[in-house]
Amino acid sequence: MTAPTDGRVATVLDRARVEGRDALLEPEAFALVAALGIRVPLQRFVRNAAEAAAVDLEPFSGAHLVVKVASPALPHKTAVGGVAVLPRAAARVPTPVAH
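This is a predicted model, so every value here is computed, not measured.

**Student:** Would you take a moment to explain the environment of Ala16 for this structure?
**Tutor:** Tracing the backbone shows Ala16 in helix H1 (residues 8-18). We classify Ala16 as buried; its relative accessible area is 5%.

**Student:** Looking at this model, I keep getting lost on the packing of H1 against helix H2 (residues 26-35). Mind explaining?
**Tutor:** For any two helices packed against each other, one specifies the inter-axial angle together with the distance between the axes. Packing of H1 against H2 leaves a shortest axis separation of 9 Å and a crossing angle of 160°. Viewed along their axes, H1 and H2 adopt a mutual orientation that is roughly antiparallel. Viewed along their axes, H1 and H2 form a crossing whose handedness is left-handed. Of H2, the residues touching H1 (which contributes Arg8, Val9, Val12, Leu13 and Arg15) are Glu28, Ala31, Leu32, Ala34 and Ala35. Along the lines of polarity and charge, the residues of the contact of H1 with H2 split into seven nonpolar, no polar and three charged.

**Student:** Just to check I follow, could you spell out the nonpolar core for this structure?
**Tutor:** Nonpolar side chains tend toward joint burial in soluble globular proteins. Grouped together as the largest cluster of nonpolar side chains are nine residues: Ala52, Val55, Leu57, Phe60, Leu65, Val67, Ala84, Leu86 and Val93. Residue assignment for this core shows that the elements contributing at least two residues are strand S1 (64-68) and strand S2 (83-87).

**Student:** For this particular structure, what's the right way to read the pattern of salt bridges?
**Tutor:** For side chains of opposite charge, pairing can occur when their charged atoms come near one another. Throughout the structure, instances matching the rule amount to six salt bridges. When the shortest N-O distance is used, the salt bridge between Arg15 and Glu28 registers 3.6 Å. Of this pair, Arg15 sits in helix H1 while Glu28 sits in helix H2; the two residues are 13 residues apart in sequence, bridging distant segments of the chain. On the basis of relative accessible area, Arg15 is assigned to the partly exposed category, the value being 38%. Taking the relative accessible area as the measure of exposure, Glu28 reaches 8% and is therefore buried.

**Student:** I'm lost on the pairing of S1 in this one. Help?
**Tutor:** The two faces of the sheet receive side chains in turn, since in a regular strand these alternate between them. Here S1 shows a clear split, with Leu65 and Val67 buried on one side and none of His64, Val66 and Lys68 buried on the other. Here S1 runs beside S2; their pairing, made up of five bridges, is antiparallel. Opposite Leu65, over in S2, you have Leu86 as the bridge partner.

**Student:** Honestly, the side chain of Glu28 in this entry has me stumped. Any pointers?
**Tutor:** A polar side-chain atom of Glu28 sits 2.7 Å from the main-chain amide nitrogen of Leu25. Apart from residues lying up to four places away in sequence, Glu28 is in contact with Val12, Arg15 and Arg21.

Calculation notes
Residues numbered from 1 in each chain as written. Predicted model: local features only at pLDDT ≥ 70, side-chain atom pairs only at ≥ 80, totals over all residues. Heavy atoms only, no water. Helix = DSSP H or I, 4+ residues; strand = E, 2+ residues; numbered from the N terminus. Buried < 20%, exposed > 50% of the residue type's maximum accessible area, 1.4 Å probe, protein only. Axes fitted to C-alpha atoms, helices over the stretch in contact; angles between N-to-C directions. Parallel < 35°, antiparallel > 145°, perpendicular 65-115°, else oblique. Left-handed = near helix turned anticlockwise from the far one by under 90°. Contact = heavy atoms within 4.5 Å. Nonpolar A, V, L, I, M, F, W, Y, C, P; charged D, E, K, R; others polar. Core = buried A, V, L, I, M, F, W, Y, C linked by side-chain atoms within 4.5 Å. Salt bridge = Lys/Arg side-chain N within 4 Å of Asp/Glu carboxyl O. Pairing = 2+ DSSP bridges. Polar contact = N/O pair within 3.5 Å; in protein donor to acceptor, adjacent residues only side chain to side chain.

Okay, here's the thing in structure tokens:
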């Protein structure tokens, strides 16, 4: 497999370097893997509760969603309660994102 030539891999890596990070956030890692042509789970990255409330949940299968914090300051999100498993209902998603 060859690396894509559209610049997506370089963009992800350059952003982390510019921010002084030596690790990728989970959404960045998935973006990098997807840019290499490897299938990744369906996901949405949101910055706040308002963005979370606007996510269309229809494309997600299953009865539950997993909401995770993405921060370079929290590499071990489960240790700080940064992972929530919720029923797949739009009204439930913004709550953990707001905290």
